[in-house]
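Architecture at a glance
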Amino acid sequence: MTMQDTATSTWTGKTVPRKEDDRLLKAQGEFGDDTPIAHLGHVVFVRSPYAHARILDIDVSAAESLPGYLGCLLPDEVDVLTDGFMELQPAPADAEVDKCLAAGGKVRFVGEPVVAVAGTSRQAARDVAATVVVDYEPLPHVVDARRAVEPEAPQVHDEIGSNVAWDGVYDWGDIDAALKSADHVIEVDELHFHRFSSTPLECSVVTVSYDAGIDTFNLIGGCAMPQITTLMMAAAMRHPAEKIRIVSKDFGGSFGVKIGMYVPATAVALLSRKLGRPMRWTETRTEHHWMGGHGNERWFHNVKMAVTSEGRVLGLSYDALDDVGAYTRYEPLGAVIWTQVANACYQLQHLKVHYRSIYTNKGPVHPNRGYSRLQHMWLVERMMDIAAHRLGFDPVQFRLQNYVQPEQYPYETVNGCVYDSGNLPLSLEKALDLIEYDDARRLQRESAGTGKRIGIGIGSTLDSGTNNFGQARLINQFLPFSGNTEGGLVRMGVDGSVYTVTGGVAFGQGHETTVAQVVADMLGLTPDEIITHRGSDSALSAQTGFSGSYASQFAVTGIGAILNATRKLVREIQLVAASILGATPEEIVLEGGHALVLGDPERALPFAAVAGIVHFSPADLPAEVADEVGLVGRAVYRAPFEIPDLERKRGNLTLTYASQIHACVLEIDEETGEVKILRYGMVDDCGTPINPMIIQGQVHGATVHGISAALFEHFAYDDDGQLLAANFYDYHAATALDLPSLRYDSVVSPSPFTPIGAKGMGEGGGAPLHAIAAAIQDAVGGDGGVVLESFNPPERILGLLNGGTESTVRVLR
Amino acid sequence: MTQPQDEMLPISVTVDGRLETGQVSSRTLLVHWLRDDLDKRGPKIGCDTGNCGACTIRWDGLLVKSCMVLAAQADDTRVETAASLAHDDGSLNDLQACFKEHHGLQCGYCTSGMLMTATDLLESGEEITEHSVRRGLKGNICRCTGYENIVRAVRAAAGHDVEKPHGAAEEVAS
Amino acid sequence: MILPPLRYLRPGSVGDAVHWLTHIDGAIVLAGGQTLVNALKLDLVAPTALVDIHRLDELRSIAVSPDRTLTIGAATTYAALAASTDVRLTAPSVASMAAGLVDRQVRNRGTIGGNVCLNDPTNNFPPLLVALGARFTVLGPEGTRTIDADDFFVGTMTTALGNGELLVSIEIPPLPRGARLVHRHLQVGADSWAMARAVVRIDDDNGVVVASRVVVGAVLGSPQRLRLVERALVGLPTGGDLDGAAAEAFDRESIETVGDVHCSADYRRQMSKVQLRRALRDLAKGTPS
């Protein structure tokens, strides 16, 4: 079988209804809290009401007399039973101690778990938790990263000596020279990218049954990165990773943030072992907003951009303070992940960034859809827009001129990343068509004097996919990671039915369907005939260390592994059929559930017969075939990467670059600052599609996450360090009524670097945050303020209409 | 004031056409009884403030969020969850089929609630427009689909001629 | 999501409800539960018992008297209000507000009595009922009394209801001929939490404003009548510069607002004024209430 077989396929590339849908539509799915378990205990965490406080005393004595009390887990026990979770940052911040309950005798953010209690029912566990008394001594706290870097700021982790988790400079090209010689230099003192999260609708649920007989922890619950999770738990609990099994079934969303589940899961595991019964923790929405993972909040300071008189952008420089909250967890990977898209969509030649990851007394950040790249791309796109407005360039032409051009691919960025393919000008043209650009400009002119202002904005982004984990070494040279792999397994059962398992863990992306499409094509079956494993199981041998669903990669890595695994199974079927039918393996083709001899369809063997022979009558086969064939294809896909050049901080950090160009037309009420989106268009290019319907669905979802984040969603903290948006009352996730109908189009630029030309996609790069900021700017016009925040609620927009940010934005030349 | 104690109350509720009886504590929410005692997986919990609508059911014919109702209040009433929607032979009903055709679900967690709300809207006799569907669904949060395909699916179920998913038209043509 | 321990009581009559509310320490009314149950989940309230009045038919009636006074039982749901021909004809502003409130699910369960007894500053019925001059009939251990809207709403999350008292019904007198009423609000998103609310009613007699009620919500002490604005409007020709007069008077009002995650206190105050002026412009344009 060759790649051409799938390229000219029956199913791959087609809009096929999803295999997942029937069970979900009939309320027959099995999400984390659905799984019935006998003798189940329930866990509730007692959490800190303070942003920063010393724990003076914990009193659980009142709980012991309550009906249904099973037991509890205290920080002192955790200190004995576990080591701190693995930290990725180098010294001195590697001194951070992160445990499943507040470590080091203090709490560091509101909502941090201090005690885990267990009861025989949800109600018993709740009542037990309510009786636990924790005596705190409040400590000075810091919730603003800008203040956290001041010398006298309160220390989130006393053992580190500062609030800096990571500090480094990236310097590619020669921005200082460019700023000196450029015709124009724009300078902005401060821009801010706010905190929000995709807030999956299903909060985390972890059920752990400790099996004492085989000393194994069995976990059930959505887990987006299972092998890394077992590794994190194994190291902390000093327990073999192979004795931690993670099973995910239906999974109500992750979008990256559930990567942090190893922390509460460790507490649940310890309780299950201690109390000798299965334990479940069902996270509440409030808990999820406190600790379930926020997206990175970032401050950009001293931003400078160099532009020629013809409107060519040479490059930029800035200082970043990335507010990671109280614990690094997956951080400080964000300090390097953004460099995957160092150039954003543009032909930049120079880029210099001083980047610092900063601890604050806020909830920890986790990777969130568009992780760390969308912050940088928002900055670049915002600066492109500010430059166009300030220097008098047409924002469309300015972008077109500076985009990486179609003929330049593969395009090497300032830091050695390789943009694989794309057609940004065509994508922009299509996006403008979607919003009827000329007509929108007419509407804009006609709106003058009506009390409403119309603005048009463009968001140009990339969705880099398939990480080279070698980039981790750029933040810590000692991290033993590089490249990327994913696993897959395809086997034929005793009756000839075909079963597939992928290492990825879907939470709505339709992996069962896309896997079935490609496997069906290779085996000559239909997707309906392929049995796809629901969710994931770390014990099924389909996974590699990097397995999971994150970083826009499944279409490359997950599908790549399944293709490789299926290829092995195809070869085995060919060997068996060839020996039975008296042909060579190369003459055997697979069609309609049969292995048949090419050009001689009378000589055919049904798959059931192939399976029957291998499983039940191997004596029918020549020994050399019987010895080789197990009707199991297990394979990995390895992304072709090298270790980056640590000295120069260069290298190819991701394999594919899907693009998203968005355009929107919005209307602003001059008296209130309210925004109404009138038209919204997205053009996606993720290479060769596997299932166009699923791609479109991902684009819709990412778009609405971005729109909602730009206008409604903000994990704001008050001066006391209290999260002001701990539920869906205060954290307004957009409803159907808040949104415009979405207009979609696509461009197909196959990737030259991937198995079938597909690119990872789904994160979307946060394009709506850019497009909306640009459209607000366009509506506000030259007389008003400059959009310097990614979050723009009505009040802020009203402020922009009244000017006010002028002094922080300067055109030096 | 002394710490109040729960009382156990007998209830009997017709759930998805079947009479179910049980003992519930006075503070048990209907959603928890349906899920934990009856293994009904339609109603889901996505928030703790009554906003997300994942727990939506019909209760004596009225659409409600079962996380804001006590199980004790449901005694001697009738409850329908999303598990009651499919045809008796297990095939999808029209609305479910439209959700499938129009890719109106991704992770599937909001889906049962969405289906219940959409069913109520479609049966209400209210005029179905894009706007009325969006308004009708505003008590149900979805974090995956961006609602676009849900709105299309509901309109399709109402007989509207809506845009097919990307790539679907092509398949029909071939 | 788990409620604290509590008793659940379902009275057979309004009298029983009052009895329990009076005699069980810490007992509170459970009406639609669309706010209360969430407050219980979040441990914001800690009652000992819930007295469920939702099924009491006595509290769910809607009646119109010969003088066109509308009487609404306190446990009437928003959906029932929106569907009632009587309400639509006699108090269209109440019907239309009920029809758009929150979402389909909540409208089937939430009650007007619960809305006003909670008196959350962002709730929409309190300012409207003040503008309509509603009266609240309350049954308590001492018997029945009737409270004017102006006196019923005492301050943020508080009403004039005393210990053991239960709101039974709300009476809405007919608007005098020539009266017009407009409700304006500024919300998060298309139709979510209120950042500012204004309800304006003017009673027009032969082209002159003879009385007015101007009420803002979403401020501290909501609903708050703006007496200075009301006075400034009275006596003006209805076709005159009501907007300008109101704006000038508004600046002299003492209005306290608070900031939250959605906006600052200043913005709330500023937007109250914008909504007030918009309401007046709507009135000038003859936009129906």
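In case you missed it, the structure is sitting above this.
Quick look at the structure, then. The residue numbers shown here count from 1 along each chain, following its written sequence. Written order determines the labels here, with chains lettered from A and ligands numbered from 1. Thresholds applied to this predicted model are a pLDDT of at least 70 for local features of residues and 80 or more for the giving and counting of side-chain atom pairs; totals over whole chains, interfaces and linings are not thresholded and use all residues. Each side-chain value is derived from all of the structure's non-hydrogen atoms; neither hydrogens nor water enter the calculation.

**Things to note about the overall build of chain A**
Going by this rule: Put simply, DSSP H or I for four residues or longer makes a helix, DSSP E for two residues or longer makes a strand, and each gets a number counted from the N terminus. As a reference, a globule follows 2.2 Å times the number of residues to the power 0.38, and the radius of gyration itself is taken over C-alpha atoms. Whether two residues are in contact is decided by their heavy atoms: any pair within 4.5 Å suffices. We get accessible surface area from the Shrake-Rupley algorithm with a probe of 1.4 Å; when it comes to residues, only the shown protein chains can shield them.
Broken down by element type, chain A carries 22 helices and 30 strands. Computed over C-alpha atoms, the radius of gyration of chain A comes to 27 Å, within 12% of the 28 Å expected from 2.2 N^0.38 for 813 residues, which places it in the range of a compact globule. Overall size of chain A, expressed as C-alpha extent along the three principal axes, is 85 × 70 × 50 Å. Excluding contacts between residues fewer than 6 apart, the proportion of contacts in chain A whose partners are at least 24 apart in sequence is 80%. Summed over its atoms, the accessible surface of chain A is roughly 24,500 Å², and 52% of this surface lies on carbon and sulfur atoms.

**Here we look at the sheet that holds strand β3 (residues 49-52) of chain C**
All names here are of chain C. Stated formally: Two strands make a pair as long as DSSP finds a minimum of two bridges between them. To obtain each axis, a line is fitted to C-alpha atoms, and for helices this fit is confined to the stretch in contact; angles are then taken between N-to-C directions over 0 to 180 degrees.
In space, the three strands of this open sheet follow the order β1-β3-β2, with parallel pairing throughout. This sheet does not close on itself; its edge strands, each paired only once, are β1 (7-9) and β2 (27-30). Neighbour-to-neighbour, the strand axes of this sheet turn through a mean angle of 25 degrees, independent of strand direction. As paired strands, β2 and β3 are joined by four bridges and run parallel to one another. Residue pairing for β3: Val29 is matched across the bridge by Val51. Those strands touched by helix α1 (residues 14-23) are β1, β2 and β3, and its axis lies near 145 degrees from that of β2.

**Quick notes on the interface of chain A and chain B**
So the rule is basically this: Every case where a carboxyl oxygen of Asp or Glu lies within 4 Å of a side-chain nitrogen of Lys or Arg is listed as a salt bridge. Within 3.5 Å is the distance limit for a polar contact, defined as a pair of N or O atoms, with the added protein rule that one can donate a hydrogen and the other accept it, and that residues adjacent in sequence qualify only through two side-chain atoms.
With 63 residues of chain A at the interface, the matching set in chain B holds 59 residues. Between the two partners, chain A and chain B, sit eight salt bridges. A salt bridge links B:Arg35 to A:Asp33, with the nearest nitrogen and oxygen atoms 3.6 Å apart. Connecting chain A to chain B are 32 residue pairs in polar contact (both at pLDDT 80 or more).

**Side note on the packing of helix α20 (residues 692-711) of chain A against helix α21 (residues 767-780) of chain A**
Angle between the axes and distance between the axes: these two values describe a pair of packed helices. Residues and elements named next belong to chain A. To be explicit about the condition: An angle counts as roughly parallel when it lies under 35 degrees, as roughly antiparallel when it exceeds 145, as roughly perpendicular when it falls between 65 and 115, and as oblique in every other case. Here a crossing is called left-handed whenever its near helix is offset anticlockwise from the far helix by less than a right angle, and right-handed whenever the offset is clockwise. All amino acids are sorted into three groups, where Ala, Val, Leu, Ile, Met, Phe, Trp, Tyr, Cys and Pro are nonpolar, Asp, Glu, Lys and Arg are charged, and the leftover types, Gly among them, are polar.
In contact at an axis separation of 7 Å, α20 and α21 are set at 45 degrees when each is read in the N-to-C sense. It follows that α20 is oblique to α21 by the angle criterion. Considering the relative orientation of α20 and α21, their crossing is right-handed. Side by side, α20 and α21 meet where Ala702, Thr703, Gly706, Ile707, Ala709, Ala710 and Leu711 of the first sit next to Pro768, Leu769 and Ile772 of the second. Taken together, the residues of the contact of α20 with α21 sort by class into eight nonpolar, two polar and no charged.

**Concerning the environment of C:Arg201**
Residue and element names in this part refer to chain C. Along the chain, Arg201 falls in strand β12 (residues 194-205). Distance from Arg201 to Leu175, taken between C-alpha atoms, is 9.5 Å for residues 26 residues apart in sequence. Of note is the side chain of Arg201, whose polar atom sits 2.8 Å from the backbone oxygen of Ala131. A polar atom in the side chain of Arg201 sits 3.0 Å from the side chain of Asp203.

**Some remarks on the pattern of salt bridges**
Counted only if it meets this: When accessible area is computed with a 1.4 Å probe and restricted to protein chains, residues below 20% of their type maximum are described as buried, those above 50% as exposed, and intermediate ones as partly exposed.
Overall, the coordinates contain 91 salt bridges over all chains when judged by the stated rule. Residues A:Arg245 and A:Asp537 are paired through a salt bridge, measuring 2.5 Å at the closest nitrogen-oxygen approach. Of this pair, A:Arg245 sits in strand β11 (residues 244-248) while A:Asp537 sits in strand β22 (residues 536-537), and the two are 292 residues apart along the sequence. A:Arg373 serves as the salt-bridge partner of A:Asp463, at 3.6 Å between the closest nitrogen and oxygen. Taken as a pair, A:Asp463 in strand β18 (residues 452-467) and A:Arg373 in helix α11 (residues 373-391) lie far apart in primary sequence, 90 residues in all. Judged by relative accessible area, which is 2%, A:Asp463 ranks as buried. The class for A:Arg373 is buried, based on a relative accessible area of 4%. Salt bridges here are not isolated pairs; linked through shared partners, they connect A:Arg23, A:Glu30, A:Lys249, A:Asp250, A:Glu512, A:Arg534, B:Asp39 and B:Arg41.

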